[in-house]
Amino acid sequence: MSFAEMKPEEIQEKLKEHGYFGNLEIALAIKAATLLHKPILVEGPPGVGKTELAKAIAAISRQELLRLQCSPEMNERKALYDFDYSKQLLFIQLVNYPPLKR
């Protein structure tokens, strides 16, 4: 059964079965995005569950999850055409690494 065929309460329950405890607004957004064939943009500070929501949606819909770690240096070209996960991780570590003391 797809998200389009489910009631928001059923979506909320499916999310819970996959370890994500979302509210009805989140379930309704998922249903609306599915019906309208539109993506969902999820933003917020670290640790609020954005990735876990994406993992739960992917698991429920039996889709592969491609994770893109965004940073201020990320632009459309890098995200869509030049994406290299290992290079991206190295760059993030480099940017966040404290400078050496001399």
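Overview of the structure. Only a predicted model underlies this, so the values are computations on that prediction, with no experimental measurement involved. Position numbers for residues count from 1 along each chain, tracking the sequence in the order it is written. Side-chain atom pairs in this predicted model are given and counted only at pLDDT of 80 or more, local residue features only at pLDDT of at least 70, and totals for whole chains, interfaces and linings cover all residues. Side-chain calculation: all heavy atoms of the structure are included, whereas hydrogens and water are not.

## Overview of the overall build of the protein chain
And step 1. The secondary structure listing takes helices from DSSP runs of H or I that are at least 4 residues long and strands from runs of E that are at least 2 residues long, numbered from the N terminus. In terms of regular secondary structure, the protein chain is built from five helices and zero strands.
And step 2. For the protein chain, whose C-alpha radius of gyration is 17 Å, the value lies well above the compact-globule estimate of 13 Å for 102 residues.
And step 3. With respect to the three principal axes, the spread of C-alpha positions in the protein chain is 60 × 30 × 20 Å.
And step 4. Considering the protein chain as a whole, with its 102 residues, one finds that 17% of them fall into the buried category. Here the radius of gyration uses the C-alpha set of atoms, whereas the globule reference equals 2.2 Å times the residue count to the power 0.38. A 1.4 Å probe rolled over the protein chains alone gives each residue an accessible area, and that area as a share of the maximum for its type sets the label: buried under 20%, exposed over 50%, partly exposed in between.

## Focus: the nonpolar core
The tendency in soluble globular proteins is for nonpolar side chains to be buried as a group.
And step 1. Here, the term nonpolar core denotes a set of buried Ala, Val, Leu, Ile, Met, Phe, Trp, Tyr and Cys residues that are joined through side-chain atoms within 4.5 Å. The biggest cluster of nonpolar side chains holds ten residues, and these are F3, M6, I11, L15, Y20, A27, I30, L53, A56 and I60.
And step 2. For this core, the secondary structure elements donating two or more residues are α1 (8–17), α2 (24–36) and α3 (50–61).
And step 3. The element contributing the most residues to this core is α3, with three residues.
And step 4. Pairs of residues are marked as contacts when any of their non-hydrogen atoms sit within 4.5 Å. In this view, Y20 contacts L15, I26, G49, E52, L53 and A56; residues no more than four positions away in its chain are not counted.

## Details of the pattern of salt bridges
And step 1. Any Lys or Arg side-chain nitrogen located within 4 Å of an Asp or Glu carboxyl oxygen qualifies as a salt bridge. According to the stated counting rule, one finds two salt bridges in the structure shown.
And step 2. For K14, the salt bridge goes to E17, with nearest N and O atoms at 4.0 Å. On the criterion of helical spacing, the pair formed by K14 and E17 is a turn pair, its members being three residues apart in helix α1.
And step 3. In this structure, K55 and E52 form a salt bridge, with 3.4 Å as the shortest nitrogen-oxygen distance. With K55 and E52 both in helix α3, this residue pair falls three residues apart, about one helical turn.

## So, α3
And step 1. Compared with the 16 Å implied by 1.5 Å per residue over twelve residues, the 17 Å span of α3 between its first and last C-alpha is a close match.
And step 2. Positive backbone phi, approximately 55 degrees, marks R62, located one or two places after α3. Given a helix with a known number of residues, its expected span is that number minus one, times 1.5 Å.

## Considering unusual backbone geometry
And step 1. Of note, the phi angle at H37 is positive, near 55 degrees, even though the residue is not glycine.
And step 2. Mapping H37 onto the fold places it in the loop between α2 and α3.
And step 3. Phi at R62 is positive, roughly 55 degrees, even though this residue is not glycine.
And step 4. Summarising the element assignment, R62 is placed in the loop between α3 and α4 (76–80).

## Considering α1
And step 1. Of the residues making up α1, those classed as buried are P8, I11 and L15. The buried residues of α1 occupy an angular sector of 55 degrees when projected down its axis, which confines them to one face. As used here, the arc is the angular range of directions from the helix axis to the C-beta atoms.

## With respect to the side chain of K31
And step 1. Its place among the elements puts K31 in helix α2.
And step 2. Within the buried core, K31 has no salt-bridge partner, and the shortest N-O distance to an opposite charge, that of E10, equals 7.1 Å.
And step 3. Side-chain atoms alone can form a polar contact between residues adjacent in sequence; in general such a contact is a pair of N or O atoms within 3.5 Å, and within protein one must be able to donate a hydrogen while the other accepts it. Separated by 2.7 Å, the side chain of K31 and the backbone oxygen of M6 make a polar contact.
And step 4. When neighbours within four sequence positions are excluded, K31 is seen to be in contact with F3, A4, E5, M6, P8 and I11. Charge convention: Lys and Arg are scored as positive, Asp and Glu as negative, and His as well as the terminal groups of each chain are ignored.

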